[in-house]
Amino acid sequence: MDYRAGWCDRARFTVFDAHYGDGAAIRVLTDVWRTDPHRSPGLHVIARCDHLLPGFHRMPQAEPGLTVDLVNAPLDEALAQLTARIDLFRLHDIEHAGTDFARHVARLAAHDARLLVQGLTQDQVAALEAQGFVFDADGRHARFASRKPRPPQPPVPERRAIVLGAGVAGSAAAERLCARKWQVTIVDRQPAPAMEASGNRAGIFMPLLSKDDNVPTRLTRAAYLYALRHWEHLGGIGRAIEGDTCGVLQLARDADHADVQRAIAADHSLPPDFAQWLERPEAEALLGLPVSDGGWLFRGAGWARPGSVCEAMLAACGGRLERRFGVGDVRIEHDGDQWRLTDAHGDLVARAPTLILANGAGALDVPQAAALPLTALRGQVSHVPADMVPQLPVVLCREAYLTPASGGVCSAGATYDADPNPALSPQSHEENLQKLRGLLSDPHAAAGAPLEGRVGFRCVAPDRLPLVGRLPDFAAAGATERLRDVPRHPGLYGLLGYASRGLIWAGFAAELLAAQIEGEPLPLESSLVDALDPARFVLRARRAPRGPQAEN
Ligand SMILES: Cc1cc2nc3c(=O)[nH]c(=O)nc-3n(C[C@H](O)[C@H](O)[C@H](O)COP(=O)(O)OP(=O)(O)OC[C@H]3O[C@@H](n4cnc5c(N)ncnc54)[C@H](O)[C@@H]3O)c2cc1C
């Protein structure tokens, strides 16, 4: 096929392939694009691939301009959940897919989109014709000739942004925007990145499982898998990033909980390199310790120092990033079409049309975010001398966690409370040690461990999911019923509410937000994108019954 006519005058050429197969067709396409002097600056390939875990998978590419999304979902569902404008559909090996897909193809088709088809049934051809596709005489090519106007693509804003906050959320936002050739000013009240919640010695990263593969499970899986690929792309854990993909063993809480986990293992037949259920003797053999019950082994999971993830991401920004650290608490105002950040003396810190709030629990004090139902949850982690606990080959967790030693210290934690005190508390320390003893089935473990550790404040939403997207204007919301109708602050976005999983949310949420801002195909199912939309709380506030029972 001659692609040149399709991509020569476009900023991005987007292809949907109904069947990834062994990837050969995609490789041929990307080779043609790579070697064509008239190619579009961007090539985005979305292909259905049943070798992966269910859902959408964005696969980071070394080549600038190339984006590859692999989707494991039935054709109808993949298309229905896709947010994209497709220039070329390759429809083959779909004889058994029925005809419903045709209306999704029409919804996603760009103006003058092309089809390249093979082996379609007569009904499928008729369904596509009914949606406005006109086939050539050879029956292998079709063109979208519908006169229905396509919804306009929002214009891409000027590529200049301020990111407020240099923890994992803000550092990832800067990296994902700079990768798209944005000029970014990252601003933090602290003199260096990762000095607040992202300042722990070790954070755990792992996925979540559930019997019904519910929304939080699907979201954390997407984020976790993206994080592993993204970190590899940044130089890798244990290399550019301090940490270890040593695996995480998550023990069942009790016998009933273990039964539920066995049922999940039986129902979902998960690949063992992702999640493997270990019965108690297997778990004991792995740890060399007695355990209360079996557990999940997440082999690709582990721990990382969040600050080193921030450093790797900020280093990847190169010369497009300006750093404004140590500026104290900034004041935010919208002035014309620009966001202005000023310091305590009224001096300008940064000015840009796009502002991303990635300031964690600090967002509670930002007037434009004040109506969001966020809370600051204090957490204390204990640093236990390595010789006071057994040497573990994996991170071990249940209600609490214990990391393998790094620099002679193991991290054990963490507590959850609403206390605003930033100082280390002996009670929180004792709580961590008690849980640690339960976890290790050893009432004397870490006896006399000195009061050492770290306190941080998590930013938490009532549903414990992050907020990713344009921030709603609560005051102007009126009687809005649909997310897309909620009025938003112009050019103001949030990457907030990462709760206890900031390490895995950061890269994925930043990639999603950057794709939203640029009007690119989104790396996530649309129903899951909606589950992260900060405006979900505008609708929930409206729907919630009045009275005390409405409180969470
Ligand atoms: C004890 C504890 C244990 C945890 N364990 C894990 C774990 O094992 N795994 C995991 O994934 N997550 C863990 N978390 C959660 C994780 O630390 C957070 O989700 C993550 O760090 C949040 O990153 P962030 O960038 O959103 O926030 P932060 O790291 O807090 O970054 C926000 C930044 O914004 C700046 N800022 C705020 N307000 C302003 C302002 N007005 N002006 C200028 N700058 C401002 C702050 O200085 C800060 O640097 C833990 C958290 C705690 C507290």
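We now examine the overall build of the protein. The helix and strand tally for the protein stands at 14 helices and 28 strands. Radius of gyration (C-alpha) of the protein: 25 Å, near the 24 Å computed for a compact globule of 552 residues. Across its three principal directions, the C-alpha atoms of the protein cover 85 × 65 × 55 Å. Burial analysis of the protein (552 residues in total) assigns 53% to the buried set. Approximately 23800 Å² of the protein is accessible, and the part contributed by carbon and sulfur atoms is 50%. Charged side chains of the protein number 58 positive and 66 negative; the gap between the two group centres comes to 4 Å.

What the three strands build is an open sheet, ordered β11-β16-β12; its pairing is antiparallel. Only two strands of the sheet have a single neighbouring strand rather than two, namely β11 (203–205) and β12 (243–244). As paired elements, β12 and strand β16 (residues 302–304) share two bridges and run antiparallel to each other. Its bridge partner lying in β16, G243 is registered against A304.

Turning our attention to the site of the ligand. Close to the ligand lie 34 residues, the nearest being D188, S198, I204, A499 and L503. V168 has a polar backbone atom sitting 3.2 Å from an oxygen atom of the ligand. In this structure, D188 approaches the ligand through a side-chain N or O atom, which is 2.6 Å from an oxygen atom. Coverage of the ligand by the protein amounts to 95% of the 990 Å² it exposes when considered alone. Counting only elements with at least two residues in the shell around the ligand, the list comes to α6 (168–178), β11, β22 (375–385), β26 (453–460) and α12 (502–518). For the shell around the ligand, the per-class residue count stands at 13 nonpolar, 15 polar and six charged.

Membership of the largest hydrophobic core comes to 82 residues, with the highest contact counts inside it found for F205, W231, I356, L495 and L524. With 12 residues, the top contributor of residues to this core is α12. If we ignore the near neighbours within four places in the chain, the residues touching I356 are I162, V163, L164, A173, L177, Y493, L495, L513 and I517.

This next bit is on the sheet that holds strand β18 (residues 331–335). Taking strand neighbours across the sheet as the criterion, the three strands line up as β18-β19-β20 in an open arrangement whose pairing is antiparallel. Since the sheet does not close on itself, it has two edges, and those belong to β18 and β20 (348–352), each with one partner. For this sheet, the mean inter-axis angle between neighbouring strands, taken without regard to orientation, is 20°.

Moving on to the packing of helix α7 (residues 215–234) against helix α10 (residues 306–316). Two elements in contact, α7 and α10, have axes whose closest approach is 10 Å; the angle formed by their N-to-C orientations is 60°. Considering the angle they form, α7 stands oblique to α10. Judged by the sense of rotation from one axis to the other, the crossing of α7 with α10 is left-handed. Two secondary-structure elements touch here, α7 through H230, W231 and L234 and α10 through V309, A312, M313 and A316. The residue makeup of the contact of α7 with α10, split by class, is six nonpolar, one polar and no charged.

Looking now at the side chain of S171. Structurally, the position occupied by S171 is in helix α6. Discounting chain neighbours no more than four positions away, the residues touching S171 are G165, A166, I186, C310, M313 and L314.

On inspection of all chains with the given rule, the structure shows 35 salt bridges. Close ionic contact of R180 with E520 constitutes a salt bridge, the shortest N to O distance being 2.9 Å. With a gap of 340 residues between them, R180 in the loop between α6 and β10 (183–188) and E520 in the loop between α12 and α13 (526–532) connect regions that are remote in the sequence. A single salt-bridge network, built from bridges that share partners, covers R58, D69, E175, R176, R180, E511 and E520.

By the element assignment, H92 lies in strand β5 (residues 86–92). Classification of H92 by relative accessible area gives buried; the value is 13%. Considering only alpha carbons, one finds H92 and G119, 27 residues apart in sequence, at a separation of 6.2 Å. Once residues lying within four places of it in the same chain are set aside, the contact partners of H92 are D17, A18, H19 and Q118. At 3.0 Å, the side chain of H92 forms a polar contact with the side chain of D93.

One pass over the structure, following the stated rule, counts eight aromatic pairs. With a centroid separation of 6.2 Å and 55° between ring planes, the pair formed by F16 and F89 is classed as tilted. With F16 in strand β1 (residues 12–17) and F89 in strand β5, this pair connects stretches of sequence that are 73 residues apart. In this pair, the class of F16 matches that of F89, namely buried. The rings of W277, W296 and F298 are connected pair by pair, giving a single aromatic cluster. Residue placement shows R39 over the ring face of W33; its charged tip is 5.6 Å from the ring centre. If you follow R458 out to its NZ or CZ, it ends over the ring of Y416, 3.8 Å from the centre.

The next subject is the confidence of the model for the protein. Regions with low pLDDT carry predicted coordinates that are not meant to be interpreted in detail. Of all residues in the protein, 98% attain a pLDDT of 70 or more, and the chain-wide mean is 94. Per-residue pLDDT stays below 50 along residues 547–552; that stretch engages in three contacts with residues further than four places along the chain or on separate chains.

Taking 1.5 Å as the rise per residue, α7 with 20 residues should run 28 Å; its terminal C-alpha atoms sit 28 Å apart, in good agreement. Once α7 finishes, G235 follows within two positions and takes phi at roughly 125°, a positive value.

The next point concerns unusual backbone geometry. The omega torsion of the bond from G413 to A414 falls at -10°, within 30 degrees of zero and hence cis. As for its placement among the helices and strands, A414 is situated in the loop between β25 (409–413) and α11 (426–440). The phi dihedral of D93 is positive, around 55°, even though this residue is not glycine. Looking at where D93 falls in the secondary structure, it is placed in the loop between β5 and α4 (101–108). We classify D93 as partly exposed; its relative accessible area is 48%. Residues other than glycine seldom take positive phi values, yet K181 does so here, at roughly 70°. In this structure, K181 sits in the loop between α6 and β10. By relative accessible area, which is 54% here, K181 ends up exposed.

About the thresholds
- Residues numbered from 1 in each chain as written.
- Predicted model: local features only at pLDDT ≥ 70, side-chain atom pairs only at ≥ 80, totals over all residues.
- Heavy atoms only, no water.
- Helix = DSSP H or I, 4+ residues; strand = E, 2+ residues; numbered from the N terminus.
- Rg over C-alpha atoms; globule rule 2.2 N^0.38 Å.
- Buried < 20%, exposed > 50% of the residue type's maximum accessible area, 1.4 Å probe, protein only.
- Areas by Shrake-Rupley, 256 points an atom, 1.4 Å probe, with all protein chains shown as cover.
- Lys, Arg positive; Asp, Glu negative; His and termini not counted.
- Charge placed at Lys NZ, Arg CZ, Asp CG, Glu CD.
- Pairing = 2+ DSSP bridges.
- Near = heavy atom within 4 Å.
- Polar contact = N/O pair within 3.5 Å; in protein donor to acceptor, adjacent residues only side chain to side chain.
- Nonpolar A, V, L, I, M, F, W, Y, C, P; charged D, E, K, R; others polar.
- Core = buried A, V, L, I, M, F, W, Y, C linked by side-chain atoms within 4.5 Å.
- Contact = heavy atoms within 4.5 Å.
- Axes fitted to C-alpha atoms, helices over the stretch in contact; angles between N-to-C directions.
- Parallel < 35°, antiparallel > 145°, perpendicular 65-115°, else oblique.
- Left-handed = near helix turned anticlockwise from the far one by under 90°.
- Salt bridge = Lys/Arg side-chain N within 4 Å of Asp/Glu carboxyl O.
- Phe/Tyr/Trp six-rings, centres within 6.5 Å; stacked < 30°, edge-to-face > 60°.
- Lys NZ or Arg CZ within 6 Å of the ring centre and 35° of its normal.
- pLDDT = per-residue confidence, 0-100.
- Expected span 1.5 Å × (residues − 1).

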